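# A structural walkthrough
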Amino acid sequence: MTLINENYLNLQGSYLFAEVARRTAAYKASHAGQEVISLGIGDVSRPLVPAVVEAMKKACDEMGQAETFRGYGPYEGYDFLRKAIAEHDYRARGIEIGEDEIFVSDGAKSDVANFQELFSSSARVALQDPVYPVYLDTNVMAGRSGTCKEGQFERIIYLPCTAENHFAPQLPKEHADLVYLCSPNNPTGTAMSKAQLKKWVDWANEHKAVILYDSAYEAFIRDENLPHSIYEIPGAQTCAVEFRSFSKTAGFTGTRCAYCVVPKALKIEDETGSEHALNALWLRRQSTKFNGVPYIVQRGAEAVFTPQGLTQTRQIIDGYLENARVMLSALRQAGFTAYGGENAPYVWLKTPKGLSSWDFFDLMLEKLQIVGTPGSGFGRAGEGYFRLTAFNTPQLTQQAAQRIASFSF
Ligand code: MLT
């Protein structure tokens, strides 16, 4: 008899964004003709910038010529892209990261989902609550969660992030081996300061814990005092892996390109106390399970770092941040308490009149034809909150803002 991986049976419900899509499709099917505005999943609406398109066209032509055609690329990404990343995302900020510490991939989602494979199945995992569901679900699949009781898994350490603690995760009271941090945060839209991050780096080094740091939204930071990378904090290279993405920075949600940084100084022990570099293990994992990102896509990603690419992508991000400002202002006008949206593309609001997150989802859909994401879908501490993304077009965001501002909740 073939037995199933029972860890999968521990997963709660369906994947959050699949459930939002399912309910939205059902609503649209029974309300033909109504214009539903999607501020749900954080998918970009602006096209790839001209610098990226040009680079991809050129790479396409190369692939059509025998002399310049390329087959399998390096598992860890082409040197040209790893160099551009090291130079622009790190050295330009005074951080020394080697090209061989950068691994190009098809998405930060895949990287954060896969990285946990390098750790023992008995590792204790700490997560912000609310949290991007992929961190939790992949650890449930790997058998690290224990069983779920009243919406929380027994072996997961939850770090509540609510208005009361300004959405900042506090250090765990019990031992954790792996900690997922996301800043600027999805879903709360708030960002950690250097002092807050330093507390985590010091704690991780002291407790031999590893921080899996998701900074997929760093390009949205406009406050000059906020850290873009965990490696701005001294000591982070011995305790942290960083995940970044071109998805939200340069509109690559459909094109797929991201990277993670695994410093060579980051080592973890086996049961005998011998140390192993995560960098070498990650390369071993990627070369076994992954065949790299297409050459054409990596040339497109490289073009993000050209002067034109930097200017063009910054304009797009500024546009999304303007959408967030428009939504925040409409929400506050309508009497909502809303957070985030200043250094992140997500606005996080308190539901009115104590409504549950899903009841508010239904209300927004039925009364305003606006789709958002229920906060409870990101974890128990997200109950009573709701997330809106700034990634729609300026026109539809304005329309949504007008609907919100004129509605009496
Ligand atoms: C989100 O809406 O949270 C993101 O788009 C999901 C993702 O990046 O996978």
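The preceding data block contains the structure.
The paragraphs below set out a description of the structure included in this document. Keep in mind that what you see is a predicted model, and the values were worked out from it rather than measured.

### Section: the overall build of the protein chain
Helix and strand counts for the protein chain stand at twelve helices and 17 strands. Radius of gyration (C-alpha) of the protein chain: 21 Å, near the 22 Å computed for a compact globule of 409 residues. If you line up the protein chain on its principal axes, its C-alpha atoms span 60 × 55 × 55 Å. Evaluated residue by residue, the protein chain yields a buried proportion of 54% over its 409 residues. Within the protein chain, contacts between residues at least 6 apart in sequence are counted, and of these 72% link residues at least 24 apart. When the accessible surface of the protein chain is split by element, carbon and sulfur atoms take 52% of a total near 17800 Å². Of the charged side chains in the protein chain, 40 are positive and 46 negative, and the gap between their average positions amounts to 3 Å.

### Side note on the side chain of N139
Position of N139 relative to the elements: it lies in helix α5 (residues 133–141). A residue is classified by how much of its surface remains accessible, and N139, at 0% relative accessible area, is buried. In terms of polar contacts, N139 uses its side chain to reach the side chain of R144, at 2.7 Å.

### Remarks on the packing of helix α4 (residues 108–115) against α5
With their axes 8 Å apart at the nearest point, α4 and α5 run at an angle of 35° to one another. Seen along the crossing, α4 lies across α5 with a hand that is right-handed. For the pair formed by α4 and α5, the contact residues are K109, V112 and A113 on the first element and V134, Y135 and T138 on the second. Across the contact of α4 with α5, the residue classes tally to four nonpolar, one polar and one charged.

### Side note on the site of the ligand
Residues in close proximity to the ligand include F17, I41, G42, K109, Y132, N186, K248, Y346 and R387, which together make up its full environment. Within the backbone of G42, an N or O atom sits 2.6 Å from an oxygen atom of the ligand. In the environment of the ligand, an oxygen atom lies 3.0 Å from a nitrogen or oxygen atom belonging to the side chain of K248. Alone, the ligand offers 270 Å² of accessible surface; in the complex the protein occludes 85% of this.

### A closer look at the sheet that holds strand β13 (residues 338–340)
Strands belonging to one sheet form pairs held by backbone hydrogen bonds; the direction of such a pair is parallel or antiparallel. Pairing is antiparallel in the open sheet, where four strands are placed in the order β13-β14-β17-β16. At either margin of the open sheet sits one strand with a lone partner, and together these are β13 and β16 (373–374). Across three bridges, β13 lies against strand β14 (residues 346–350) in antiparallel orientation. Looking across to β14, one finds that G340 is bridged to V347.

### Overview of the packing of aromatic side chains
Following the criterion strictly, the structure yields 27 aromatic pairs and no others. A ring pair is formed by F246 and F305, whose centres lie 5.8 Å apart and whose planes are at 75°; its orientation type is edge-to-face. With a gap of 59 residues between them, F246 in the loop between β9 (240–245) and α7 (247–250) and F305 in the loop between α9 (295–303) and α10 (307–333) connect regions that are remote in the sequence. Each member of the pair F246 and F305 is classed as buried. Each ring, one from W358 and one from F361, has its centre 5.1 Å from the other, and the planes form 65°; the classification is edge-to-face.

### Points about the packing of α4 against helix α8 (residues 278–289)
Contact geometry for α4 and α8: axes closest at 12 Å, N-to-C directions at 110°. It follows from the interaxial angle that α4 and α8 lie roughly perpendicular. For the element pair α4 and α8, the recorded crossing hand is right-handed. Residue-level inspection shows D111, N114 and F115 of α4 in contact with α8, the latter providing L278, W282, R285 and Q286. Of the residues in the contact of α4 with α8, the class split is three nonpolar, two polar and two charged.

### Topic: the pattern of salt bridges
Applying the stated criterion to the full structure yields 22 salt bridges. The shortest N-O distance in the salt bridge between E154 and K149 comes to 2.7 Å. Across the salt bridge formed by R222 and D318, the nearest N and O atoms sit 2.9 Å from each other. Of this pair, R222 sits in the loop between β8 (210–214) and β9 while D318 sits in helix α10, and the two are 96 residues apart along the sequence. Accessibility expressed as a relative area gives 26% for R222, which makes it partly exposed. One network of salt bridges, with partners in common, ties together E19, R22, R23 and D362.

### Things to note about the nonpolar core
In terms of nonpolar packing, the biggest core is built from 61 residues, with I211 and F246 touching the most fellow members. The leading source of residues in this core is helix α3 (residues 79–90), at six residues. Built from parts of two domains, this core gets at least three residues from each of domain 1 (9–47 + 308–406) and domain 2 (53–305). Residue contacts for F246: discarding those within four places in its chain leaves L81, I85, G251, F252, C257, A258, Y259, A301, V304 and F305. Grouped together as the second largest cluster of nonpolar side chains are 34 residues, F17, L328, F336 and I404 included.

What counts and what doesn't
Residues numbered from 1 in each chain as written. Predicted model: local features only at pLDDT ≥ 70, side-chain atom pairs only at ≥ 80, totals over all residues. Heavy atoms only, no water. Helix = DSSP H or I, 4+ residues; strand = E, 2+ residues; numbered from the N terminus. Rg over C-alpha atoms; globule rule 2.2 N^0.38 Å. Buried < 20%, exposed > 50% of the residue type's maximum accessible area, 1.4 Å probe, protein only. Contact = heavy atoms within 4.5 Å. Areas by Shrake-Rupley, 256 points an atom, 1.4 Å probe, with all protein chains shown as cover. Lys, Arg positive; Asp, Glu negative; His and termini not counted. Charge placed at Lys NZ, Arg CZ, Asp CG, Glu CD. Polar contact = N/O pair within 3.5 Å; in protein donor to acceptor, adjacent residues only side chain to side chain. Axes fitted to C-alpha atoms, helices over the stretch in contact; angles between N-to-C directions. Left-handed = near helix turned anticlockwise from the far one by under 90°. Nonpolar A, V, L, I, M, F, W, Y, C, P; charged D, E, K, R; others polar. Near = heavy atom within 4 Å. Pairing = 2+ DSSP bridges. Phe/Tyr/Trp six-rings, centres within 6.5 Å; stacked < 30°, edge-to-face > 60°. Parallel < 35°, antiparallel > 145°, perpendicular 65-115°, else oblique. Salt bridge = Lys/Arg side-chain N within 4 Å of Asp/Glu carboxyl O. Core = buried A, V, L, I, M, F, W, Y, C linked by side-chain atoms within 4.5 Å. Domains from an automatic or database assignment.

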